[in-house]
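Below are the chains, spelled out letter by letter.
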Amino acid sequence: MKNAIDLTGRRILLTGAAGGIGAATARACAALGVGELVLADVGPMDDIVAELRAQNVAVSAHQCDLSLRKDNAELIAAAGPLDAAVACAGICPLEEDWLDDPDWDDVFHRVMDVNLLGPIHLCRELLPAMAARGGGQIVLIGSIGGRMGGTSPIVQPHYIASKGGVHALIWWLAQRAAPQGVLVNGIAPGPIATAMTATTVYPKEKYPLGRIGEPEEIAWPAAFLCSPAASYFSGAILDVNGGLFVS
Ligand SMILES: NC(=O)c1ccc[n+]([C@@H]2O[C@H](COP(=O)([O-])OP(=O)(O)OC[C@H]3O[C@@H](n4cnc5c(N)ncnc54)[C@H](O)[C@@H]3O)[C@@H](O)[C@H]2O)c1
């Protein structure tokens, strides 16, 4: 039997590619022989681009704000034909007080724009383009917070609601996209050691494995969901959380 966890020849888009999980997913895709990576982030991607080019991986980088419909449309138009995409772009502002902060509503709207409206904009562009080519694979990164309300008291309801929305979006999209050959799936990570969690303390004893996760522990499942080995996955959300939440 041939190894189907193989990305040879595939062109894959990664958003949030400058971040911990996005960059790790780029490395995992490279290790699995990806044909070409198209990276997107609101921030600079020089480090991961240089790292990939040093390994002779074909890569392009697009700096854009993926909360905006226009930026998503321009990205997909510039990206060319895509076999798969992993949407990792996201924000998680940590705030103490959502009850009294007068600016809280503004933050809510920004979180929703980046974490939920952004993937909607992206999929609105990706779905017809992939369907026209006969299929594709899309992976949206949700969160354990959207599964069970969160694991840290300082993670606010905007983030939790946005990620619950991402999970519902995956199910909605999967039903409509599968008949066109487009597989939409997701991953709901537990706490992962990236810039997003750098200021939060995670006491060992609270975690079944005695630790939070590493970015590559989300990257490998994400790369798998972009591979031929995941050809029967549609509407699945993988709980990758070290046993912190089991449903
Ligand atoms: N780290 C965790 O514990 C954890 C847990 C569950 C889910 N997640 C999710 O995983 C994804 C990746 O997070 P991470 O941990 O790698 O965080 P990260 O902060 O390292 O990376 C997020 C990336 O998204 C980019 N980004 C933010 N807003 C953007 C915008 N408007 N347009 C384009 N790019 C934008 C950032 O510049 C950053 O590079 C996020 O969706 C996050 O919500 C993370």
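The structure we're discussing is the one just above.
Residues numbered from 1 in each chain as written. Predicted model: local features only at pLDDT ≥ 70, side-chain atom pairs only at ≥ 80, totals over all residues. Heavy atoms only, no water.

## Quick notes on helix α4 (residues 104-132)
Over its 29 residues, α4 runs 42 Å from end to end, which matches the ideal 42 Å to within 8%, given 1.5 Å per residue. Of all the bends in α4, the largest measures some 40° and sits at L117, one to four residues before the proline P119. Downstream of α4 by a residue or two, G134 has a phi angle that is positive, lying close to 95°. (Helix = DSSP H or I, 4+ residues; strand = E, 2+ residues; numbered from the N terminus. Expected span 1.5 Å × (residues − 1). Bend = angle between axes of the 7 residues up to and from the residue.)

## So, the packing of aromatic side chains
Summed over all chains, the structure comprises four aromatic pairs. Relative to W104, the ring of W98 has its centre 6.0 Å away and its plane inclined at 55°; by these criteria the two rings are tilted. Given the relative accessible area of 44%, W98 is considered partly exposed. On the basis of relative accessibility, which here comes to 9%, the residue W104 falls in the buried class. Ring centres 5.3 Å apart and planes at 85° place the aromatic pair F224 and F233 in the edge-to-face group. With a relative accessible area of 25%, F233 lands in the partly exposed category. By way of ring pairs, the aromatic residues W98, W104 and F108 are connected into one cluster. (Phe/Tyr/Trp six-rings, centres within 6.5 Å; stacked < 30°, edge-to-face > 60°. Buried < 20%, exposed > 50% of the residue type's maximum accessible area, 1.4 Å probe, protein only.)

## So, the environment of N3
Within the secondary structure, N3 is located in the segment before β1 (11-15). The spatial distance from the C-alpha of N3 to the C-alpha of C123 is 29 Å, given a sequence separation of 120 residues. For N3, the side chain forms a polar contact with the main-chain nitrogen of I5, separated by 2.9 Å. (Polar contact = N/O pair within 3.5 Å; in protein donor to acceptor, adjacent residues only side chain to side chain.)

All quantities given are derived from atomic positions and should not be read as evidence of function.
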